[in-house]
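The lines below spell out each chain.
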Amino acid sequence: MKDCKPEDEAVLERNKRRLMEKTTNLLGGRSSDPSCFLFSKEELKEATNNYDSKQVFLDDGNFRLYKGFLQGQQVIVKKFTVKNGLESSVLDITISKQMNGNNALKLAGVCLETEIPILVFESLKSSGTLGDRMGNRTPGFEPLPWKHRVNIAFHLACSIAYFRLQLPRLVVHGGLKPSSVLLDEHNVPVLTDFSSSKIISHKEGHDQNNDVYSIGLLILALLTGKEVCDSPPIEKSSKAYYLVDHVKECVMSERLKEIMLDPIVVVGRPLTTEKAKELRDFTLLALECTCDQLLERPRISDVVNRLGDIELAALNNKHC
C-alpha cells in the first residue's frame, strides 16, 4: 500500500481497531491477526476508473460491486453506499476472511483509509445473479434448468451450514436473497455479502432457524421463479406469505399441478414419475423450512442432506 496522508492515518487506525474487535468477537474471545492486504484509496480509484458507473455489475442498494484492474489482476471492488455502513463493512470483512472463498467471494484485501472500508475480492467469471436467472426476468440472461436450480439450493444450504459448523461463534447470515447471490460460469452460487449477519450466543442458537426460513424461500423462488422477500415477514399479507400459503394449500389439497411453477422447470419434457417426485420433495422441504413455528423447522444439516438426495435424483434423471 502506498503511504497515506496524515488525515487518512487516523481513519485507518480506527478501522484497524474495529476490525480487531470484531475478529476477536467472532473467534469467541481468542486473539487473532485480523490483518488483510491493504490497498490505498487512490489505488482503488484508479482500479475502478474513479468508481465509474460503467464498471458496476451489481447494485444491491446497500453496496455496489465494481469490475476493477489492480496490480495486473482483475478484481471485484465492493463499496458500501449507505452512510451508516462502517459496522456493516467491518463485519463483512471479518466473515469474508473466515469464509476463505467457501461458496463466497474470496477476499483479496481491503482499503481502511476511507470512512467506510472498501473490500477487494478475487475476480469471478459470473453468469449473472440468481435473481437474473429465475423467471427469465432480466433480458440477456438464460433461465436456469431444473438440475442447476437443485444444485444451487444445495450449495447455498451448504454455505449456511458452514456458518453453523465451522465458524467459532454462531452466525446468522440474515441477508440471503437472489439479487445478491452471484452465479459463476458453471452456475455455482457465490455469496457476495455478510454485512447483515449477526454473531450470536449459543442461547440465541434458535435464531439460526431464520436462515433455514430464507433457504425455504429461495427453494420456492427456484421452483416458481417468483421473487419473495429474504426474511420471515411480520405480516401475513406480504409476498412471502402469499407464495408460501398458496403452495401449502396446493400441497394439502393434492393440487400440485396448480403450483405456479416457473415454466422452464417443466418445459419441453414429459413430467415423469421421477421428476414429479423431485418437485414434490423440493416443495415439501420448502414448506418445512418456512414453517411458522421457528423450532419446528428442520436443522440446516437435515436440509443439506435432503437437498443432496434431490440433487442426486435429478442428476440421474435423464428426462430433466
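For the structure, check the block above.
How each quantity is defined
Residues numbered from 1 in each chain as written. Predicted model: local features only at pLDDT ≥ 70, side-chain atom pairs only at ≥ 80, totals over all residues. Heavy atoms only, no water. Core = buried A, V, L, I, M, F, W, Y, C linked by side-chain atoms within 4.5 Å. Buried < 20%, exposed > 50% of the residue type's maximum accessible area, 1.4 Å probe, protein only. Helix = DSSP H or I, 4+ residues; strand = E, 2+ residues; numbered from the N terminus. Contact = heavy atoms within 4.5 Å. Lys, Arg positive; Asp, Glu negative; His and termini not counted. Salt bridge = Lys/Arg side-chain N within 4 Å of Asp/Glu carboxyl O. Polar contact = N/O pair within 3.5 Å; in protein donor to acceptor, adjacent residues only side chain to side chain. Pairing = 2+ DSSP bridges. Axes fitted to C-alpha atoms, helices over the stretch in contact; angles between N-to-C directions.

A.B. asks: Sorry if this is basic, but what is going on with the nonpolar core here?
C.D. replies: Within soluble globular proteins, side chains that are nonpolar tend to cluster in buried spots. In terms of nonpolar packing, the biggest core is built from 56 residues, with Leu130, Leu156, Phe282, Val303 and Leu307 touching the most fellow members. When contributions to this core are tallied by element, the ones reaching two or more residues are α3 (86-99), α5 (146-165), β8 (181-184), α6 (209-224), α7 (239-252), α8 (273-289) and α9 (300-316). Element by element, the count of residues in this core is highest for α5, at eleven residues. Filtering out sequence-adjacent residues up to four positions away, Val303 remains in contact with Ala157, Val212, Ile215, Leu285, Cys289 and Pro298. Counting residues in each nonpolar core, the second largest holds 20 residues, with Leu12, Cys36, Phe63 and Phe121 among its members.

A.B. asks: Sorry if this is basic, but what is going on with the side chain of Arg297 here?
C.D. replies: Along the chain, the position of Arg297 falls in the loop between α8 and α9. Buried charge without a salt bridge: Arg297, with Asp292 as the nearest opposite-charge side chain at an N-O distance of 6.1 Å. One polar contact links the side chain of Arg297 to the main-chain carbonyl oxygen of Asn209, over a distance of 3.2 Å. There is a polar contact of 2.8 Å between the side chain of Arg297 and the backbone oxygen of Cys291. Apart from residues lying up to four places away in sequence, Arg297 is in contact with Asn209, Asn210, Val212, Tyr213, Glu288, Cys289, Thr290, Cys291 and Asp292.

A.B. asks: Could you clarify how one ought to interpret the sheet that holds strand β1 (residues 56-59) in this entry?
C.D. replies: Sheet strands pair via backbone hydrogen bonds, and the direction of the pair is either parallel or antiparallel. As summarised here, the arrangement of the five strands in space is β1-β2-β3-β5-β4, forming an open sheet in which the pairing is antiparallel. Each of the sheet's edge strands pairs with one partner strand only, and the pair in question is β1 and β4 (107-111). Neighbouring strand axes in the sheet, compared pairwise and without regard to direction, differ in orientation by 25° on average. Taken strand by strand, α3 contacts β3 (73-80), β4 and β5 (118-122), and its axis lies near 25° from that of β5.

A.B. asks: Is there a simple way to explain unusual backbone geometry in this structure?
C.D. replies: If a residue is not glycine, its phi is most likely negative; likewise, a peptide bond is most likely trans. Unlike most non-glycine residues, Tyr51 shows phi in positive territory, near 55°. With respect to the helices, strands and loops of the structure, Tyr51 is situated in the loop between α2 (41-47) and β1. Residue Tyr51 is classed as buried on the basis of its relative accessible area, which comes to 13%. You will see that Gln71, though not glycine, has its phi angle at about 50°, which is positive. Tracing the backbone through its elements, the reader meets Gln71 in the loop between β2 (63-70) and β3. Judged by relative accessible area, which is 54%, Gln71 ranks as exposed.

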